[in-house]
Structures are given as structure tokens and as C-alpha cells.
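# Chains, contacts and geometry: an overview
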Amino acid sequence: MADSLVIVESPAKAKTIGKYLGSKYIVKASMGHIRDLPKSQIGVEVERNFEPKYITIRGKGSILKELKDASKKVKRIYLAADPDREGEAIAWHLAHYLDVGPEEQCRVVFNEITKDAVKDAFKTPRRINQDLVNAQQARRILDRLVGYKISPLLWKKVKKGLSAGRVQSVAVKLIQDRENEIKAFVPEEYWSITAMLGAGKTAFEAKYYSIGGEKKELNSQDDVDRVLAAMGSGPFTVSEVKEKERQRNPAPPFITSSLQQEAARKLNFRASKTMSVAQQLYEGIDLGKEGTVGLITYMRTDSTRISPVAQEEAKEFILAKYGPTYYPETPRQYTKKNANAQDAHEGIRPSSVLREPEHVKEFLSKDQYRLYKLIWERFISSQMSSAILDTMTIDLAAGETVFRANGSKLKFAGFMKVYVESNDDGTTEEDKLLPPLAKGDSLEKQSVEPKQHFTQPPPRYTEARLVRALEEMGIGRPSTYAPTLETIQKRGYVAIEEKKFVPTELGELVIQLMQEFFPEILDIEFTAHMEEELDFVEEGKEDWVRVLDSFYTSFEKRLTFAEEEMKEIEIQDEVSDELCEKCGKPMVYKMGRFGKFLACSGFPDCRNTKPIIKDIGVTCPTCHVGKIVERRSKKGRVFYGCDQYPTCDFVSWDKPASRPCPECGSLMIEKRTKSGATLQCTKCDHKEEAAEAEDQSFEIED
């Protein structure tokens, strides 16, 4: 008969742990938090040292009764919620409800859900960490004060359904600031000159480097003409050859933010999807004969630290599979990425490197496999030797000018044999070979091509870029990134266009009001400092009530001023030229999660809505009558279809080109990557550079 009750958050986690612990343990799930602040009121007694008024979450009554009944049948209760602030708070609320005393050694934590890790954790239970609980409680109360004090004001003065928050408001401001940068950006002209040079049967490119012994930028046609005149008509002569080895080191194991960024770049996952799939891998997957196993360590972490046991297992695996040259002389140690990073958990890694992705693929869904493979490869590569590249730089003199050619060749793959971190511009490091040349060699000048470029504005934020920006600024924590991105879209403060965030008129208005009346909420340094204060609470270095009090004193004054001085703003809908086909009233433009759409001005009597159809100027290749228009799916993804639908069912995810394939006459489509755009035939192998991309140069954000 069971003598212990173990409580975790989810049924999946309960199922996995239950198999490890055996019949002496009853394992049940609380289904997340059991108590919270009430939704109908602020729920915080500010005058009583910010005392929270917790209530049982609606719908949790039957779960709590089940847990209470089970607790009466056992001698001991273990609380095994996740190993972070939220998990500690869940355990604390459960302990309060089940009358578990503060001195009880009831708290069990593990960073991975494997048999050994779970059994070891139950050998060393501890008391609930009140500092962790206070840090979570302070954050919850802080966010409640901001949200429940400012939001009603925005409802009253602007529009119902609006909200404000410490992290979400900063995120919207970052998006708005970037949009302002783009609008204010003035393109600057610059030029490049590329020479195609021949060395025997080999040809390679060299680019203009200097004139008259000085590096001078090419900012105009006149600058280019001076260089061309100074080159003379003679051949190019090798003036210097530099050869050296360059090492490239692997990226560290994933933390929450880097996992979200890399999954966005390589797998096209939204941040919320990444966390959802990672949660499944963490809580446990049924691997057939091996049973249910948690495949990765806890996925909410900002530490790259790895346990000695995991490092040793990785070492043995690398030596056995790849050989001694692929393992560094000393194990790799990764330090904190920034001073605010917490070191309570390890980086995200597979619970065992011996479970290679291909070995467990049959037990995983497509998304689970892809994310597990990404995590496994990143971790293995992080423990491997550096890659070695042979690089060559050749300077070539032509009259008074110098052109430079750079080449590289992968000499030893090292970690790159397993995994290479991607980047925001989509470029990869490939071999770029140069012919063997010596000082004094003459080269045939095949062509010289000047090219005009214009600098580009900074790019809009993708989810990955925004997560990285928030992390680098110390805004939010691993558990807050994904929900923040979801919230700012739900509120209609931002829309997504081509996978990038664009501020809406509503978002701009709210940020203007926040900037005027609550500037500290939008102040990055202030918000980052508050995160640091919460960290100090967690570490037992700061009192949570003092942290809240220091914030609320000035916040209350701001609030009083805003209630008196903020003017009511009536948001006027922009009227379109279209009439509602159901009631005849004008259709107006509304902003939704995925951008603008048309809605009937007779709402709520008439609830007719329809997408804004954009004609791209291409005749339908199927019916040859209709026009191809841009549409959006229910999930906001752009696609292209015939305006004669349903009579004509032509549809394409890729944008059709305005002209047919020059070789076979079939439909051409536009394929866009971060490095440019190409036109590809849908029938034959014909491919060409898109005209609009032929003469552009992009300055990519690092």
C-alpha cells in the first residue's frame, strides 16, 4: 500500500514519475497553480505590506478535493513541481492547502525526469525555499499593481480591452522605436568595384580595397571614376599573400532564449510552439521497451552550466563516435552570458546523449523529433573541438589601386561535423577557394564591374530578434518571453507582416500615453533594475515588501496625476470604399492579430468581416480570367489565390511572378530568403535572380 503522496503539475509528468517510484508512491497532478489573485479585483492589500488575497482558481475544486483525500491516506507528502520560482510557489500553495508545515522536508526538485535523477532527488528532499516564493510573489503582485491600476485607466480614456505591463509595454516600445528608426532612415549611397581575375583555368573575384595607399570609401560615381582611372590598363599583380589558420569555437548549450531563437531560424517555430514542444520532451516520452523518459533537461533556464556527469557522458560518446581529435584537450566550460543570468539550472541538453535522435525518432512526432535533434546536436557540438579553417588573403595591385581577395577552406571540421549555429541573415560559411599564387604573379583582368548600392534601414523585429533584445537588456526572464509575445499580439498592439512585428495605430497610441504618464514603466534601465531586485529577493539579499514599496510610492503619484490629466481619446475607425454585402453599411478597417481586416460599421448588429484582398497584378495561370490576390489563412499566413474562387481553385504559398518561365512558359514563383530573392519555375529547373533583388545590398543586424 502507498505511504507517500507526490504532487507535480501535469498528468504527463505524473505518469513518467509514477513509473519510476513504484507502488509505495501515489503520484497526482495539481494541473498548475491551485491559488491565484482574484480576477474580479486587484487582490492586494497595499496598506498591509502588500498582503495578497489568494483564492482557489475556478475549476480546481475537484482537483483539490482529490489531493486532500489522498493526503489523508499517506504518511508523507512530497511536492515535486518544476525547479523554478513558479514551481516553488505552486509547492508553497499546495503546502498551505494540505497543512504541510514550513519545517517539513517536503520539496523535491530535479532538472531532468529520468529514473536516476528522480530517485536521487527523493533521497534529499528539502524545505520550501521561502526566498524563491517571495520572489515569485513579488513579481506577481508587481505585475498585478501595474496591470490592474493602469488598464482600467486605458479602458476609461481610450478603449475597453487594453492592458499594460512591465515587460509587454517595453516589448511594444522596442517594436515602435524600431519602426520610427525605419521611417526616419535616410539611405546613403555607396559603391563597390569587383574585378574578375583569371589565373590559368581558374577565375576568382577581388574587390576594391584602397587607392594611393589609403582606404577611401566609394560614396559616388565620381569616386568610382577616380579609382577606375587610377587602375590603369595593365594587368593585376600580386603584391602580398597572407595565409593563416583560424579557429572557430562551438556555441554553448541552449538556454531558453537561444533555443527559441534557433528554433525560429532553423525550424520556423514560434516561441510558444518551441516551449510547448520542449515541455513535452521534458515531461516524458514513451520509448517502448525503455518506458517513459524525459528526453531533455528543464527548458526554462538562462544558465549554460553543464553537470560533470553529463560532460563525462558527452566526452565518452564523442571519443567513441568521432575519435580523440574531435574532443578538446580540456572539457569546455561556459560562463554566464550576462550578469543577471541565474545559475540554478543547467543549460538545456538531452538527458542522455546515448539517445541519439535517429534512435528515438519512431516514438516522436515530427515537431518533437526536430526540436530534440536540434537540442541534441547543439549540446554534443558544444563539447567538441574547435573547427580549423585555412584562410588566405591576397592583395593585388593595379596602377595606384589595391584590390583584395579572401578565401578560406575548412581544414578540420571539429564541432561543425555535428552542428553549426545559424544567424539572422541566413548565410553559411562555405569554402571559398583561391588559386595558389605568389608575390609578383600577374593575373589577367577579365572584367571590372562597379555597382551602386544604398544602405538599408535596420530590420524589423522577428520573434527571435525581439527575444534576444529583451534578454540582452535584462528585461523579463526565461518563463516570460513566449507569453509576452502572445499578449502584445492578442491586445492588437502589434501585427505580424512577413514574420516581422509591426506596431499598430493602437499600439502607437498606448505607448504615447504610457510615455507621457508612466515613463518609468517603459524605461529599459528601470525595468531591468526591477528584474535585478527580484533576483536579489530570490537570493535572500533583499526584502520583497521593501522592493514593492519603493516602486509603488512613485507609481501611485503617477497614477493620481494620470487619472486627472489624461484626456479621453476616441479612436475613429477608418472608413473604406466598400459596403457590407449583408446590411449595406460602410465597411471599416480594423486591426487584428495578423494585420488589418474589414469589418461592418454596423457592429454589433452586423458582425460581418472579411479580409483585405490585395491584387498583385498577375493573371491567374489556371483559368486565365481571374487576378491573383494576396490573402491570409486563419493563422495569419500569407498565401495567393485566384479572385474567381470557388470557380477557380488556384492557390500558392509562394508569390507568383508577373511573367512566365522564359524556357517552358510555365508559372514562375518568387522564393525569398534572408540573403535575397529568386524566381523559380514550377515545372522546369529554370532559376534566376529576382529583378528587385539584383541591385540591393543589405546591412544585417548582428
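Rules behind the numbers
- Residues numbered from 1 in each chain as written.
- Predicted model: local features only at pLDDT ≥ 70, side-chain atom pairs only at ≥ 80, totals over all residues.
- Heavy atoms only, no water.
- Salt bridge = Lys/Arg side-chain N within 4 Å of Asp/Glu carboxyl O.
- Buried < 20%, exposed > 50% of the residue type's maximum accessible area, 1.4 Å probe, protein only.
- Helix = DSSP H or I, 4+ residues; strand = E, 2+ residues; numbered from the N terminus.
- Patch = residues over 30% accessible without salt bridge, like charges linked within 9 Å, V, L, I, M, F, W, Y side chains within 5 Å.
- Areas by Shrake-Rupley, 256 points an atom, 1.4 Å probe, with all protein chains shown as cover.
- Lys, Arg positive; Asp, Glu negative; His and termini not counted.
- Charge placed at Lys NZ, Arg CZ, Asp CG, Glu CD.
- Pairing = 2+ DSSP bridges.
- Axes fitted to C-alpha atoms, helices over the stretch in contact; angles between N-to-C directions.
- Contact = heavy atoms within 4.5 Å.
- Expected span 1.5 Å × (residues − 1).
- Polar contact = N/O pair within 3.5 Å; in protein donor to acceptor, adjacent residues only side chain to side chain.
- Parallel < 35°, antiparallel > 145°, perpendicular 65-115°, else oblique.
- Left-handed = near helix turned anticlockwise from the far one by under 90°.
- Nonpolar A, V, L, I, M, F, W, Y, C, P; charged D, E, K, R; others polar.

### With respect to the pattern of salt bridges
This model, assessed by the stated rule, comprises 42 salt bridges. One salt bridge connects E9 with K13, and the closest N-O pair in it is separated by 3.1 Å. Residue class for E9 comes out buried when judged on its relative accessible area of 10%. Judged by relative accessible area, K13 falls into the buried class, the value being 0%. Note that D654 and K671 form a salt bridge whose closest N and O atoms lie 3.1 Å from each other. Taken together, the residues D654 in the loop between β25 (651-652) and β26 (655-656) and K671 in strand β27 (residues 668-673) connect sequence positions 17 residues apart. Given a relative accessible area of 31%, K671 falls into the partly exposed group. Through salt bridges with shared partners, one network takes in R85, R477, D535 and E538.

### Overview of a negative patch on the surface
Among the surface-exposed residues, E45, E47, E51 and E556 lie close enough to one another that they form a single negatively charged patch. The residue E47 is located in the loop between β4 (44-45) and β5 (51-52) in this model.

### Things to note about the sheet that holds strand β2 (residues 25-29)
Taken in spatial order, the three strands of this open sheet run β2-β1-β7, and their pairing is parallel. Both edges of this open sheet fall to β2 and β7 (76-79), since each of them pairs with a single strand only. Direction aside, the axes of adjacent strands within the sheet are offset by 20° on average. Bridge analysis of strand β1 (residues 4-8) against β7 gives four bridges, and the strand direction is parallel. Counted as the bridge partner of V6 is Y78 from β7. Across the sheet, helix α2 (residues 61-71) lies against β1, β2 and β7, angled at about 165° from β2, the strand it touches most.

### Examining helix α18 (residues 544-565)
Over its 22 residues, α18 runs 32 Å from end to end, which matches the ideal 32 Å to within 8%, given 1.5 Å per residue. When α18 is considered as a whole, its buried residues turn out to be W544, V545, V547, L548, F551, Y552, F555, L559 and A562. Summarising the contacts, the buried residues of α18 are in contact with α5 (130-157), α15 (505-517), α16 (519-522) and α17 (524-538). For α18, the capping residue at the N-terminal end is D543, with a side-chain oxygen 3.3 Å from the backbone nitrogen of V545.

### So, the packing of helix α13 (residues 463-473) against helix α14 (residues 481-490)
The interhelical angle for the contact between α13 and α14, taken along N-to-C directions, is 120°, at an axis separation of 11 Å. As judged from the angle between their axes, α13 and α14 are oblique. Crossing hand, α13 versus α14: right-handed. Between α13, through E463, L466, V467, L470 and E471, and α14, the contact on the second element is made entirely by Y481, L485, I488 and Q489. In terms of residue class, the contact of α13 with α14 is made up of six nonpolar, one polar and two charged.

### Quick word on the pairing of strand β24 (residues 638-642)
In terms of burial, β24 is largely enclosed, as four of its five residues are buried. By the bridge criterion, five bridges tie strand β23 (residues 627-632) to β24 in an arrangement that is antiparallel. Counterpart to E630 in the pairing with β24 is Y640. Sheet topology note: the β24/β25 ladder contains two bridges and is antiparallel. Paired with G641 across the bridge in β25 is V651.

### Re the sheet that holds strand β8 (residues 189-199)
The six strands lie next to each other as β8-β9-β14-β13-β10-β15, forming a closed barrel whose pairing is antiparallel. The mean inter-strand angle of the sheet, taken between neighbouring strand axes irrespective of direction, is 35°. Where strand β9 (residues 202-211) meets strand β14 (residues 401-412), four bridges bridge the pair, whose relative direction is antiparallel. Its bridge partner lying in β14, S210 is registered against V402.

In short, shape yes, function no, at least from these values alone.
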